[in-house]
Amino acid sequence: MADDATMIEPSVTEQTFVSSNDSTIAYISLYPGRAELSRLFKVTVQPGQNVVTVNGLPNGMDQSSLRVEGRGNAMIQEVVSGNMPAQYTPHTTPLLTELGTQETST
């Protein structure tokens, strides 16, 4: 067994994309009751393990219909999909903040 001091941890490169910002729509096919949409992401992988996360896919997407393919010398070993709750970002304006302050002080 190798000495722990000489073991090298494999490198992991992580990349995160937002569907609407980081992809282009390659094609759309419309059918009665459903639509098929293909998005194109350009991902440059590094030597070693790469983890690619795509956020912002539609909530109504049939997860079993998700397909991933790649070109080049990389190998896709696993595809996992799941629902992630959207992160809430409060939106306000200076006027709303001022009105809220006035309301609590009265």
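Below is a short write-up of the structure. (Residues numbered from 1 in each chain as written. Predicted model: local features only at pLDDT ≥ 70, side-chain atom pairs only at ≥ 80, totals over all residues. Heavy atoms only, no water.)

Concerning the pattern of salt bridges
To keep things clear, this is the line we draw: We define a salt bridge as a contact between a side-chain nitrogen of Lys or Arg and a carboxyl oxygen of Asp or Glu at a distance within 4 Å. When a residue's accessible area, from a 1.4 Å probe over protein chains only, is under 20% of the maximum for its type it is buried; when over 50% it is exposed; and in between it is partly exposed.
Summed over all chains, the structure comprises 1 salt bridge. One salt bridge in this structure joins Arg71 and Glu69, with 3.7 Å as the shortest N-O distance. Classification of Arg71 by relative accessible area gives exposed; the value is 74%. What makes Glu69 exposed here is its relative accessible area of 65%.

A few points about the environment of Met75
Applied cut-off: Each helix is a run of H or I in the DSSP string that is no shorter than four residues. Each strand is a run of E no shorter than two, and both are numbered from the N terminus.
As for its placement among the helices and strands, Met75 is situated in the loop between β4 (49–55) and α2 (94–105). Since its relative accessible area comes to 68%, Met75 is described here as exposed.

What about the packing of aromatic side chains?
The condition is simple: To pair, rings of Phe, Tyr and Trp, with the six-membered ring standing in for Trp, must have centres within 6.5 Å; the planes then decide the type, stacked if under 30 degrees apart, edge-to-face if over 60, and tilted in the middle. The criterion is that NZ of a Lys, or CZ of an Arg, lies within 6 Å of the ring centre and within 35 degrees of the ring normal, and then a charge sits over that ring.
What the rule picks out here adds up to 1 aromatic pair. Lying over the aromatic face of Tyr31, Arg34 brings its terminal NZ or CZ to 4.2 Å of the ring centre.

Structural notes on a nonpolar patch on the surface
Stated formally: The patches reported here contain residues having more than 30% relative accessible area and no salt bridge. Joining distances are 9 Å for like charges and 5 Å for nonpolar side chains (Val, Leu, Ile, Met, Phe, Trp, Tyr). Only the protein chains shown count as covering a residue, and every accessible area follows the Shrake-Rupley method with a 1.4 Å probe.
Side chains of Ile25, Ile28, Leu30 and Leu37 sit close together on the surface and give an oily, nonpolar patch of about 410 Å² of accessible area. Looking at the nonpolar patch element by element, the count peaks at 3 residues for strand β2 (residues 24–31). Tracing the sequence through the fold places Ile25 in strand β2.

Remarks on the environment of Glu36
For clarity, the threshold we go by: Only heavy atoms matter for contacts: two residues are in contact if any of them lie within 4.5 Å across the pair. The definition of a polar contact used here is a pair of N or O atoms within 3.5 Å, where within protein one atom must be able to donate a hydrogen and the other to accept one, and adjacent residues in sequence count solely through side-chain atom pairs.
Tracing the backbone through its elements, the reader meets Glu36 in strand β3 (residues 34–40). Glu36 sits 29 residues away from Ser65 along the chain, and the two C-alpha atoms are 9.2 Å apart. For Glu36, the residues in contact, after removing those within four places along its chain, are Tyr27, Ile28, Ser29 and Tyr31. There is a polar contact of 3.0 Å between the side chain of Glu36 and the side chain of Tyr27.

Here we look at the side chain of Ser19
Of note, Ser19 is situated in helix α1 (residues 19–22). Once residues within four sequence positions are removed from consideration, Ser19 is found in contact with Arg39, Phe41, Val54, Asn55, Gly56 and Leu57.

With respect to the pairing of β2
To keep it simple, the criterion reads: Strand pairing is assigned whenever DSSP identifies at least 2 bridges connecting the two strands.
Bridge count for β2 against β3 is 7 bridges, and the pairing is antiparallel. Opposite Ile28, over in β3, you have Leu37 as the bridge partner. What sits between β2 and β3 in their antiparallel hairpin is a turn of 2 residues, with Gly33 showing a positive phi close to 85°.

What about the environment of Phe17?
Inspection of the secondary structure assignment puts Phe17 in strand β1 (residues 12–18). Under the relative-accessibility criterion, Phe17 is labelled buried at 11%. Excluding its chain neighbours within four sequence positions, the residues that come into contact with Phe17 are Asp22, Phe41, Lys42, Val43, Val52, Thr53, Val54 and Asn55.

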